[in-house]
Amino acid sequence: MILKNKARRGSVGTVNFRKVLAVLLVLHSSFFLSGCGVYSFTGTNLSPDIKTFSILNFTMGTAGGPSDLPQRLTEDLKEYFQRNTSLTSQPGGGDLVLEGSVVGYDVLPAAPTANDQAGLNRLNVTIQVRYTNAKDETKNFDQSFTYYADFPQDQTLNQNEARLLPTIRENLVQQIFNKSAADW
């Protein structure tokens, strides 16, 4: 009989220990989440007082490249911000403002071969972006972002441009978003 009571107390003690452990785990987790500042599951690190964003039309500041590249970058950025934040887009005067210009559109040789010819060509796109945060001026920046994609040396840019530009634009948009909204 004494043995049965000890076994019963042991299981009750184990259940209580598990409950206490579960409560501590929840409290510990909430402490870490609140200690990290403003956190969002989309990866943004924006203050809760930021409600709107404006992305002004990008411009073409270099020769070469398709004439619709700045417009496509502008639209891609707007869509990315709308998909990945809860901010409202407005034409101008937002809490966050992005504006920029395509400043580089170059084809460069890449991967040289033994006979000093390029094994690949590289389309390199650079954009200059100015970011203004009306709620926290320490977050403002004016920075260039570059991304590239390679194509075979025996093909022309015209043969590859339509295939390469979506990937380049996507990566540039992610870089800009990470620097501005995710504060990386």
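Residues numbered from 1 in each chain as written. Predicted model: local features only at pLDDT ≥ 70, side-chain atom pairs only at ≥ 80, totals over all residues. Heavy atoms only, no water.

## Focus on the nonpolar core
Link 1 in the chain: Formed by 32 residues in total, the largest nonpolar core has its most connected members in F81, V125 and I127.
Link 2 in the chain: Elements with a contribution of two residues or more to this core: β1 (52–55), α2 (69–84), β4 (96–112), β5 (118–133), β6 (141–152) and α3 (157–180).
Link 3 in the chain: The biggest single contributor to this core is α3, with seven residues.
Link 4 in the chain: Beyond its immediate chain neighbours, meaning those up to four positions away, I127 contacts F58, L73, S101, V102, V103, Q143, S144, F145, L172 and I176. (Core = buried A, V, L, I, M, F, W, Y, C linked by side-chain atoms within 4.5 Å. Buried < 20%, exposed > 50% of the residue type's maximum accessible area, 1.4 Å probe, protein only. Helix = DSSP H or I, 4+ residues; strand = E, 2+ residues; numbered from the N terminus. Contact = heavy atoms within 4.5 Å.)

## Points about the side chain of R169
Link 1 in the chain: With respect to the helices, strands and loops of the structure, R169 is situated in helix α3.
Link 2 in the chain: Discounting residues that sit within four places of it in the chain, R169 has contacts with L69, R72, L73 and D76.

## Quick look at the confidence of the model for the protein
Link 1 in the chain: Mean pLDDT for the protein: 83, with 74% of residues reaching 70 or above.
Link 2 in the chain: Of all secondary-structure elements in the protein, the lowest mean pLDDT belongs to helix α1 (residues 2–35), at 51, while strand β2 (residues 59–60) reaches the highest, 98. (pLDDT = per-residue confidence, 0-100.)

## As for the packing of aromatic side chains
Link 1 in the chain: All chains considered together, the criterion is met by six aromatic pairs.
Link 2 in the chain: Note on F81 and F177: the rings are 5.1 Å apart at their centroids and 75° apart in plane angle, and the pair reads as edge-to-face. With a gap of 96 residues between them, F81 in helix α2 and F177 in helix α3 connect regions that are remote in the sequence. For the pair F81 and F177, one class covers both residues: buried.
Link 3 in the chain: Between the aromatic rings of F141 and F145, the centroid separation amounts to 6.1 Å while the plane-to-plane angle is 70°, which identifies the pairing as edge-to-face.
Link 4 in the chain: Judged by its relative accessible area of 10%, F141 is buried.
Link 5 in the chain: Following the ring pairs from residue to residue traces out a cluster consisting of F53, Y80, F81 and F177.
Link 6 in the chain: The ring of Y148 has R122 sitting right over it, with the charged end atom 3.8 Å from the ring centre.
Link 7 in the chain: Sitting over the ring of F141, K179 keeps its end group 5.4 Å from the ring centre. (Phe/Tyr/Trp six-rings, centres within 6.5 Å; stacked < 30°, edge-to-face > 60°. Lys NZ or Arg CZ within 6 Å of the ring centre and 35° of its normal.)

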